[in-house]
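For reference, the chains in residue letters:
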Amino acid sequence: MVTITPTEVSTRKAWMMLGLSMFAAASSTVFINGVAFLIPALHDDHGMGLDQAGVLAAMPTIGLMLTLIAWGAVVDRIGERRVLVAGTALTAVAAVGAALASGYLAVGACLLVGGMAAGSTNSASGRVVAGWFPAHRRGTAMGIRQMAQPLGVAVGAMAVPPIAGHFGIGTAFLLPAGVNVVAALACLVGVIDPPRPARSTETRDGALDNPYRQSNALWRIHAVSVLLVVPQFTVWTFALVWLMSDRHLSAPAAGVVVVVSQILGALGRMGAGIWSDRAGSRMRPLRTVAIAAAVAMALLALTDQLSSPASIALLVIASVITVADNGLAFTAVAEISGPYWSGRALGAQNTSQYLTASVVPPLFGAIIGTFGYPLAFLATALCPILAVPLVPVERRPRQPDAERAVPN
């Protein structure tokens, strides 16, 4: 097999591969998060309770969580391209199964299997960025890669409700099936595995230093991300139904608000990455984002309680802030863990996030049903407050062209 070095791949080629891996990740997101935009139809047209619909919406996330570390280990062993192609193809098959299935349990099973397949893109696409971009551009590139999730959610918010309304819920699953087929073909043709240093004897024997044993930085970053994912998924899951039922917006108007929020959130992730490159730090911006998330969710709770029109603007602001941390944490995990551990470390990062995210829809659906939206939003504000002191402190700032310092 021919080994391709970074100098043999142009900057243009590297950005093209980033675009392809980003498309694959966005395609997976359309499948994983698209079910959340079926909640109004399931609730209003099929008489399903928010808690029951929330369980269905959580099934792809549960499947994702079950396989992320395993996919990461596969990426560490066989490379990124094969995993991206296989994972998106299997996701498409599961989406077709959901479209053809009848009954709550059958659809839920297909969503679970599809989520398991969709987990492939998380570590693989992150590794493409870590492998092909130098440290002084890595935050920007990873921020762009992390735009895949909000953009995928925006596509789902814009397309899934009208498709379900006009053609039925089953037909709505053909959207993620189609985009994942295209992603699989694109990655097959265009993605090149980034080079990795030759394995030493210690590495081949499995004795390479475990980054989890070198410091507690990775553990702390995982914990911070777990806490910050609670407000993110609360907003994502219930934004559409909140806008329609609590703010009394029409379905098209609510969809526009959600789409705008996701697009701005995607740009915010890129902005956070650029900020971290220029600051020479991932952790200082991460800490600032956590503080801002707590403030935004508290203000959203207050304005909603007061039935203020400003609550809609606060929802948009909270949607942007609560996703800005993902790229920062993802980049830091890849940098700290190194080329032979980053697949597993990124898998562990996403597993911890999605394990939490899988609990959010049913839990906060029950809280909203019992206590209302303001108290639910206020409860999520506590999580980023707890995250702030857990953000690792870097030993020294990184110079623009140097590798990053490892945080304590």
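Calculation rules
Residues numbered from 1 in each chain as written. Predicted model: local features only at pLDDT ≥ 70, side-chain atom pairs only at ≥ 80, totals over all residues. Heavy atoms only, no water. UniProt positions renumbered as here; feature names shortened; annotations may be inferred. Helix = DSSP H or I, 4+ residues; strand = E, 2+ residues; numbered from the N terminus. Salt bridge = Lys/Arg side-chain N within 4 Å of Asp/Glu carboxyl O. Buried < 20%, exposed > 50% of the residue type's maximum accessible area, 1.4 Å probe, protein only. Core = buried A, V, L, I, M, F, W, Y, C linked by side-chain atoms within 4.5 Å. Phe/Tyr/Trp six-rings, centres within 6.5 Å; stacked < 30°, edge-to-face > 60°. Contact = heavy atoms within 4.5 Å. Polar contact = N/O pair within 3.5 Å; in protein donor to acceptor, adjacent residues only side chain to side chain. Expected span 1.5 Å × (residues − 1).

In the numbering used here, UniProt assigns the "transmembrane region" (unreviewed entry) feature to residues 20–41, 53–71, 173–192, 221–243, 249–267, 288–306, 312–333 and 354–371. Within residues 53–71, the helical portion is 100% and the strand portion 0%, while the C-alpha atoms at the span's ends are 28 Å from each other.

This brings us to the pattern of salt bridges. Under the defined criterion, the tally for this structure stands at 8 salt bridges. When the shortest N-O distance is used, the salt bridge between Arg138 and Glu335 registers 3.1 Å. Within this pair, whereas Arg138 is found in helix H7 (residues 135–146), its partner Glu335 is found in helix H17 (residues 325–337), the two being separated by 197 residues in sequence. Here Arg138 and Glu335 have matching classes, each one buried. Put simply, Asp76, Glu80, Arg127 and Arg344 are held in one network by salt bridges that share partners.

Positioned with a positive phi, His248 is a non-glycine residue whose angle comes to about 60°. Mapped onto the secondary structure, His248 falls in the loop between helix H13 (217–245) and helix H14 (251–279). The exposure class of His248 is exposed, given its relative accessible area of 66%. One non-glycine residue, Ser307, lies in positive phi territory at about 55°. By relative accessible area, Ser307 is classed as partly exposed at 48%.

This next bit is on the nonpolar core. The biggest cluster of nonpolar side chains holds 113 residues, and the ones touching the most others in it are Leu38, Leu111, Phe173 and Leu243. Ranked by the residues each element gives to this core, the list is headed by H13, at 17 residues. Listed in part, the 11 residues of the second largest apolar core include Ala24, Trp71, Val85 and Val191.

Here the structure, examined in full by the defined rule, presents 5 aromatic pairs. Here the aromatic rings of Trp15 and Phe133 are separated by 4.8 Å at their centres, their planes lie at 70°, and the arrangement is edge-to-face. Remark: Phe133 occurs in the loop between helix H6 (120–132) and H7 and Trp15 occurs in helix H1 (residues 11–34); sequence separation between them is 118 residues. When its relative accessible area of 30% is taken as the criterion, Trp15 is described as partly exposed. Taking the centre distance of 5.9 Å and the plane angle of 35° together, the rings of Tyr373 and Phe377 count as tilted.

With respect to the element layout, Ser311 can be found in helix H16 (residues 310–321). Taking C-alpha positions, Ser311 is 9.8 Å from Leu243, a pair spaced 68 residues apart along the chain. Excluding residues within four positions of it along the chain, Ser311 makes contact with Trp242, Arg247, Leu300, Thr303 and Asp304.

Moving on: the side chain of Ser27. Mapped onto the secondary structure, Ser27 falls in helix H1. Judged by its relative accessible area of 1%, Ser27 is buried. Engagement of the side chain of Ser27 in a polar contact is seen with the backbone oxygen of Val179, the distance being 3.3 Å.

Before going further, it helps to spend a moment on helix H15 (residues 283–305). One full turn of an α-helix is made of 3.6 residues, so residues set three or four places apart face in the same direction. Helix length check: H15 (23 residues) gives 33 Å between terminal C-alpha atoms against 33 Å at 1.5 Å per residue, within 8%. Two residues or fewer past H15, Ser307 is found with a positive phi of approximately 55°.

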